[in-house]
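Close look at the chain arrangement
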Amino acid sequence: MSDSVGSWLADHELAEYAPLFHDNKIDMSILTELTVEDLKDMGIAAVGDRRRIMRAIAALDSGASDPLSRASHPVAAKRQVTVMFVDLSGFTKLTGGMDVEDAHDLLNAFFAATDGIFETFGGRIDKHIGDAVMAVFGVTASNVNDTERAARAALEIHTALQSLEVPLACHIGIASGQVIASAIGSEVHTEYTLVGDGVNLAARITDQAKGGETLISDNIHVALGSLFLGDDMGEARLAGIDQPQRLWRLRGISSSLRTQRHRFVGRRRELSMFRAVLERCRDHKAGEVHVVLGEPGIGKSHLSEEIAANAREMGYAIHSAAVTDFGAREGHSAVQVLLRSLLGLDADATGEIVQAAVEQASNIGWIDPSNRVHINALLDLSQDAGVAEVYANMDNATRMRGCRAVFDELIRARSAVSPLLLQIEDIHWAAPDILSTFAHIASTIRTLPCLLMMTSRIDGDPLDLDWQSQTRGVHLTKIELSGLSAAHARDLAQAIFDSGVDNVDALIERAEGNPLFLEQLLRSREAIAGGGLPGSIQAIVQSRLDSIAPEARRAMQAASVLGQRLSPEALNFLLGEITSDVQPMLRSGLMREDGADIVC
């Protein structure tokens, strides 16, 4: 490894990984070719650090060490992004009689709170404008859930500002759209910023919001789907925007995985198989692990919801959690949420309620007193001074054994009351220690009436042979979901719109069996009449492009010139190569083979 890679890591506060880059002979010439899988193979376990490294690499690939740096000017790029403005409410009145230094400190406290939250949720600060902040999600590396990240960040900002020494209120506007990210200015002054309809719309929406409110555009509402909790504010005329815009007031994000907005469609074979599995686990008191694999939007979550409904009818108790790739504890919250569920707690229960549930579980014999220190640590409960010191001096292996013992006891106690369905969403985001906990749970349920069901993306499935070796031979099945048939896609369209949709067959063909794509196309059919794609779908495709190496992205750009169906020979000719490696595009779902041709 050259010194420049070490310096590059240090510049991004990632110097601890320099030895790994050195051991794997990574230098600047191949740095931009690294993928997330490469980082995993190198032993970089933390999901957050892998994300930070990939963002930094993406910025390096575009020609800047910091993509929003005023000191560097990367090549202009067209991106689908989510834009948010946060504007302090009543700042002029609040600081009217204040000393200028106190006003300055107040403003700095506001920026410190908002900027930290944006960083936590993967947003980037574009600029501070007086007493407002403009932030963007997806400008350097897209995530399929950028709209959710922005919505959650907005909710947390409102809460954080109220808890400052001098409580503050703000009003927030969020919109998405295509922008040009580039350097703008003159020889005298140049800055790197975003220009586009998404920026203008977000700014105008912010003007409409009242103190304490977050207003979102209609395309953000569509992208959030069943996660959205809030109010329809109707259409509004916005300055500088030609057409009236439908606005929505965001009040929260649904914490339930079971939030379908239409009846379940298709997947009869999979449902029949899972009903048989549920009967088998219940009747034979023998646990199994089933993993549902599929690309984003293929219907993993909706299938999980339907399986949970079936299990509930069969007398199962359902306990669910989801691994996230953003937030204060990336990849770790699923363990805490599952533990809370096993204790009978809501995901957002706090303080005395949590403490009372732990006391009850201990009193009825579900938790051994010796493991109270571990469950208190898992739930962030206060410890007695002496116990806290003992826990602080434990090594990580002892803590992991204690964590596993807690789950072992609770699952055995719960399964003695009723059969269990444990559902874990999105394990492709899980850190190694969390995957190890799931492996122990899988090992525990071997002789219990319990089904452990997990979902993962195909290209990020982390349950390899090493993971399976930790489960002591539990029955493990993996199921890969394919797209809906044309008949089931029509049923889905009818379920979404009872009155039917004109030209539905063209939209079905365009969605290629992906339920999310079809739903987004149906809900955005007026906006896409000109031949475009909904922003939510553009963001999914963009996130896949961002996750592959630069050579693969170059091949995708060449393929887009040739059309939806092309031959490998034509692609190689256009790239000027004897043969090109299409495997990265095939694994990411950006391409698929159809006979001798490639379909994009």
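Residues numbered from 1 in each chain as written. Predicted model: local features only at pLDDT ≥ 70, side-chain atom pairs only at ≥ 80, totals over all residues. Heavy atoms only, no water.

A word on the overall build of the protein
From N to C terminus, the protein includes 26 helices and 16 strands. Sequence-distant contacts in the protein: of pairs separated by 6 or more residues, those separated by 24 or more amount to 68%. Accessible area of the protein: about 27,500 Å², with a carbon and sulfur share of 49%. (Helix = DSSP H or I, 4+ residues; strand = E, 2+ residues; numbered from the N terminus. Contact = heavy atoms within 4.5 Å. Areas by Shrake-Rupley, 256 points an atom, 1.4 Å probe, with all protein chains shown as cover.)

Here's the deal with the nonpolar core
Ranked by internal contacts, the top residues of the largest apolar core, which has 50 residues, are L343, F438 and M454. Those elements that provide at least two residues to this core are β9 (288–293), α13 (333–342), α14 (351–363), α15 (372–378), α17 (396–417), β11 (420–425), α18 (432–444) and β12 (450–456). When sequence neighbours within four positions are dropped, the list of residues in contact with L343 reads A357, V358, A361, I367, I375, L379, L410 and R414. F91, L106, A135 and F326 belong to the second largest nonpolar core, which has 34 residues in total. (Core = buried A, V, L, I, M, F, W, Y, C linked by side-chain atoms within 4.5 Å. Buried < 20%, exposed > 50% of the residue type's maximum accessible area, 1.4 Å probe, protein only.)

Focus: the side chain of N145
The topology assignment puts N145 in the loop between β3 (132–137) and α8 (146–162). Excluding residues that lie within four positions of it along the chain, N145 makes contacts with D325 and F326.

Overview of a negative patch on the surface
Together, D99, E101, D102 and D105 give the surface a local cluster of negative charge. Among the secondary structure elements, D105 is positioned in helix α7 (residues 100–120). (Patch = residues over 30% accessible without salt bridge, like charges linked within 9 Å, V, L, I, M, F, W, Y side chains within 5 Å. Salt bridge = Lys/Arg side-chain N within 4 Å of Asp/Glu carboxyl O. Lys, Arg positive; Asp, Glu negative; His and termini not counted. Charge placed at Lys NZ, Arg CZ, Asp CG, Glu CD.)

Observations regarding the sheet that holds β11
In a beta sheet, neighbouring strands are held together by backbone hydrogen bonds and run either parallel or antiparallel to one another. The five strands are arranged β10-β11-β12-β9-β13 in an open sheet whose pairing can be described as parallel. At either end of the open sheet lies a strand with only one pairing partner, and these are β10 (317–322) and β13 (475–480). Adjacent strand axes in the sheet meet at a mean angle of 15°, parallel and antiparallel pairs treated alike. Sheet topology places β11 next to β12; five bridges connect them, and they run parallel. Bridge pairing in β12 places L422 opposite L452. The strands that α13 touches are β10 and β11; relative to β10, the one it contacts most, it runs at about 160°. (Pairing = 2+ DSSP bridges. Axes fitted to C-alpha atoms, helices over the stretch in contact; angles between N-to-C directions.)

Observations regarding the environment of E165
Within the fold, E165 resides in the loop between α8 and β4 (170–185). Spatially, the C-alpha atoms of E165 and A109 are 9.0 Å apart, while their sequence positions differ by 56 residues.

What to know about the packing of aromatic side chains
Inspection of the entire model under this criterion finds three aromatic pairs. Relative to F111, the ring of F110 lies with its centre 5.3 Å away and its plane at 50°, an arrangement referred to as tilted. The two residues F110 and F111 agree in class, both being buried. Note on F118 and F137: the rings are 6.2 Å apart at their centroids and 70° apart in plane angle, and the pair reads as edge-to-face. Of this pair, F118 sits in helix α7 while F137 sits in strand β3; the two residues are 19 residues apart in sequence, bridging distant segments of the chain. (Phe/Tyr/Trp six-rings, centres within 6.5 Å; stacked < 30°, edge-to-face > 60°.)

Considerations on the side chain of E288
Within the secondary structure layout, E288 lies in strand β9. For E288, a relative accessible area of 6% puts it in the buried group. At 2.6 Å, the side chain of E288 forms a polar contact with the side chain of R280. Of note is the side chain of E288, whose polar atom sits 2.8 Å from the side chain of H290. (Polar contact = N/O pair within 3.5 Å; in protein donor to acceptor, adjacent residues only side chain to side chain.)

What to know about the pairing of strand β2 (residues 124–129)
Summarising the sheet, β2 and β3 pair through five bridges and their orientation is antiparallel. Directly across from I129, in β3, lies its bridge partner A132. Between β2 and the antiparallel strand that follows it, β3, lie two residues; G130 among them carries a positive phi value of about 60°.

Concerning the packing of α13 against α18
It is the contact of α13 with α18, at a shortest axis distance of 9 Å, that shows an interaxial angle of 35°. Contacts between α13 and α18 pair A334, V335 and L338 from the former with I434, T437, F438 and I441 from the latter. Tallied by class, the residues present in the contact of α13 with α18 amount to six nonpolar, one polar and no charged. (Nonpolar A, V, L, I, M, F, W, Y, C, P; charged D, E, K, R; others polar.)

Looking at helix α9 (residues 197–208)
The end-to-end C-alpha distance of α9 is 17 Å, a good match for the 16 Å that 12 residues give at a rise of 1.5 Å each. The set of residues buried in α9 consists of G198, V199, L201, A202, A203, I205 and T206. (Expected span 1.5 Å × (residues − 1).)

Here's the deal with the pattern of salt bridges
Counting across every chain of the model gives 12 salt bridges. Ionic pairing is found between R152 and E148, a salt bridge with its closest N-O pair at 2.8 Å. Of the two residues, R152 and E148 are both situated in helix α8; the distance of four residues between them amounts to about one turn of the helix. Exposure remark for E148: the relative accessible area of 15% places this residue in the buried category. Residue R249 is joined to E213 by a salt bridge in which the shortest nitrogen-to-oxygen separation is 2.9 Å.

Section: the environment of R237
With respect to the helices and strands, the residue R237 is situated in the loop between β7 (228–236) and β8 (245–253). Residues contacting R237, with those up to four places away along its chain left out, are Q208, D242, Q243 and P244. A polar atom in the side chain of R237 sits 2.9 Å from the backbone oxygen of D242.

Side note on unusual backbone geometry
Backbone geometry at K25 places phi at a positive 55°, although glycine is not the residue there. As for its position among the elements, K25 is in the loop between α2 (18–23) and α3 (28–31). With a phi angle near 60°, D380 is a residue other than glycine that sits in the positive phi range. Its location among the elements puts D380 in the loop between α15 and α16 (385–392). Judged by its relative accessible area of 59%, D380 is exposed.

Notes on the packing of helix α21 (residues 504–511) against helix α22 (residues 515–523)
Axis separation between α21 and α22 bottoms out at 8 Å; the angle between their running directions is 140°. With respect to their mutual orientation, α21 and α22 come out oblique. Where α21 crosses over α22, the handedness of that crossing is right-handed. Contact residues: V504, L507, I508, R510 and A511 in α21; F517, L518, L521 and L522 in α22. Grouping the amino acids of the contact of α21 with α22 by side-chain chemistry returns eight nonpolar, no polar and one charged. (Parallel < 35°, antiparallel > 145°, perpendicular 65-115°, else oblique. Left-handed = near helix turned anticlockwise from the far one by under 90°.)

A short note on the confidence of the model for the protein
Model confidence for the protein is summarised by a mean pLDDT of 82, while 81% of its residues fall at 70 or above. Per-residue pLDDT, averaged within each element of the protein, yields its smallest value for helix α26 (residues 583–588) (64) and its largest for β12 (97). Throughout residues 62–74 the model reports pLDDT below 50, and contacts reaching past four residues in sequence, or to other chains, amount to 29 contacts. Predicted confidence for residues 328–332 stays below pLDDT 50, and this span has 17 contacts to residues more than four positions away or in other chains. (pLDDT = per-residue confidence, 0-100.)

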